[in-house]
Amino acid sequence: MAEEESTLDDIEQLDFLKDRHVRFFQRSLQVLPERYSSLETSRLTIVFFALSGLDVLDSLDVIDKPSLIEWIYSLQVLPTEDQSNLWRCGFRGSSHVGVPYNSSKGPGTSHPYDSGHVAMTYTGLACLIVLGDDLSRVNKEACLAGLRALQLEDGSFYAVPEGSENDMRFVYCAACICFMLDDWSGMDIKKAMDYIRRSMSYDNGIGQGAGLESHGGSTFCAVAALCLMGKLEEMFSEKELNRIRRWCIMRQQNGFHGRPNKPVDTCYSFWVGATLELLDVFRYTNFEKNRNYILSTQDRLVGGFAKWPDSHPDPLHAYFGICGLSLIGESNLQRVHPALNVSERAFKRLEQLHQSWRESSCT
């Protein structure tokens, strides 16, 4: 009898609790625990995890789309009348600098410390696409001018014009921005490709920069950026791609870890899994072990996923846990586009937007 109860408990632990995750993301859009207060400047990223998570869960009907669209547009750093701040344009992460709420089209409110952030511009645009917006109020020229100002001579990007870390994460964000706006004038592609090439490590993974340790996250950023550029096969030979494939496949233990001799972590089921999907070998991994690990980090009470079992869930790991399950074909989930990191449904909507832009530019 005890053995039978144990078996039933094991089966229950492997249930995917969709409704609890929907409520977890709803809460993430409304109120966050005190321990997240330091993340206020990047609130737009948390909103992306929640919105895209709800989209993959096919549950966007639980939110007020128009209000969220207005809030996201209020975070756009627009050009001033004299365009003296053009190099600072993009999307900021929240209204933390005290800029008055303004989602209207036209000159922005000048503020000496106001500037866009490359990751917030990526997540802001992605959120608008997920919400079904047509991006008509995005000042594309300003976003691209702000993006160009962030690229360094070595091909990498700063996050903000004041200077910051510069690494593969922001190369990926820049590629996503150019792809979503259907305009690659925002970056010097050759310099970015050279940066990716120099970041390939001796063990055939890719680091955050030249000479740095191979990492599952930066390998995803490099491969996904090249796929969005349409340059993957131009950048790496088939022999090199096979070596990257091998490095990524070796990251599976039960779930995936990001580096050799590191613990397994829920988010790498997406970072490494999506890389393998882009490299067309994800099917050779063990889906059952991967699923079991992801579900072992599921919070059965409040919803969401943590990075490890018996840890607190958070929006990032909740989102990437669900994306990891989507990649292996979990039922009742929308498919995730492995390069742009939004649902396939949102990606197809973006392609339709691109088509309409191109047709209107020809008339």
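The paragraphs below set out a description of the structure included in this document. Quantities reported herein were computed from a predicted structural model and do not represent experimental measurements. (Residues numbered from 1 in each chain as written. Predicted model: local features only at pLDDT ≥ 70, side-chain atom pairs only at ≥ 80, totals over all residues. Heavy atoms only, no water.)

**Overview of the overall build of the protein**
Scanning the protein for helices and strands turns up 15 helices and six strands. Taken over the C-alpha trace, the protein has a radius of gyration of 20 Å; the compact-globule value for 363 residues is 21 Å, and the two agree within 12%. With the principal axes as the frame, the protein shows a C-alpha extent of 75 × 50 × 40 Å. Within the protein, buried positions represent 55% of all 363 residues. Contacts in the protein between residues at least 24 apart in sequence constitute 69% of all its contacts with a sequence separation of at least 6. The distance from the centre of the 36 positive side-chain charges to the centre of the 47 negative ones in the protein is 4 Å. (Helix = DSSP H or I, 4+ residues; strand = E, 2+ residues; numbered from the N terminus. Rg over C-alpha atoms; globule rule 2.2 N^0.38 Å. Buried < 20%, exposed > 50% of the residue type's maximum accessible area, 1.4 Å probe, protein only. Contact = heavy atoms within 4.5 Å. Lys, Arg positive; Asp, Glu negative; His and termini not counted. Charge placed at Lys NZ, Arg CZ, Asp CG, Glu CD.)

**Re the pattern of salt bridges**
Overall, the coordinates contain 18 salt bridges when judged by the stated rule. Between Arg137 and Glu70 there is a salt bridge whose closest N-O contact spans 2.6 Å. Here Glu70 lies in helix 4 (residues 65-73) and Arg137 lies in the loop between helix 5 (118-130) and helix 6 (140-148), a separation of 67 residues in the sequence. Taking relative accessible area as the criterion, Arg137 reaches 25% and is therefore assigned partly exposed. Judged by its relative accessible area of 27%, Glu70 is partly exposed. In this structure, Asp182 engages Arg358 in a salt bridge whose closest nitrogen and oxygen atoms are separated by 2.8 Å. Of this pair, Asp182 sits in the loop between helix 7 (168-181) and helix 8 (189-198) while Arg358 sits in helix 15 (residues 344-362), and the two are 176 residues apart along the sequence. You can call Asp182 partly exposed: its relative accessible area is 27%. Salt bridges linked by common partners bring Asp55, Asp58 and Arg345 together as one network. (Salt bridge = Lys/Arg side-chain N within 4 Å of Asp/Glu carboxyl O.)

**Describing helix 14 (residues 315-327)**
If you check helix 14, its first and last C-alpha atoms are 18 Å apart, about what 13 residues at 1.5 Å a residue would give, namely 18 Å. The buried count for helix 14 comes to twelve of 13 residues, which makes it a mostly enclosed element. Turning to helix 14, its buried residues number three or more, namely Pro315, His317, Ala318, Tyr319, Phe320, Gly321, Ile322, Cys323, Gly324, Leu325, Ser326 and Leu327. For helix 14, the secondary structure elements touched by its buried residues are helix 2 (18-30), helix 3 (43-56), helix 12 (268-278), helix 13 (287-296), strand 5 (336-337) and strand 6 (342-343). A distance of 3.0 Å separates the backbone nitrogen of Leu316 from a side-chain oxygen at the start of helix 14, and that oxygen is part of Asp314. Positive phi appears at Gly329, one or two residues downstream of helix 14, with a value of about 85 degrees. (Expected span 1.5 Å × (residues − 1). Polar contact = N/O pair within 3.5 Å; in protein donor to acceptor, adjacent residues only side chain to side chain.)

**Some details on unusual backbone geometry**
Most peptide bonds take the trans form, and the phi angle of most residues other than glycine is negative. Positive phi is not limited to glycine here, since Leu135 has a value of about 60 degrees. Inspection of the secondary structure assignment puts Leu135 in the loop between helix 5 and helix 6. When its relative accessible area of 1% is taken as the criterion, Leu135 is described as buried. The backbone of Asn261 shows a phi angle near 65 degrees, a positive value even though the residue is not glycine. Mapping Asn261 onto the fold places it in the loop between helix 11 (238-249) and helix 12. Given the relative accessible area of 79%, Asn261 is considered exposed.

**Observations regarding the side chain of Thr275**
Positionally, Thr275 belongs in helix 12. Excluding its chain neighbours within four sequence positions, the residues that come into contact with Thr275 are Thr219, Phe220, Val223, Cys248 and Phe270.

Without other data, these values stay purely geometric and don't point to any function.
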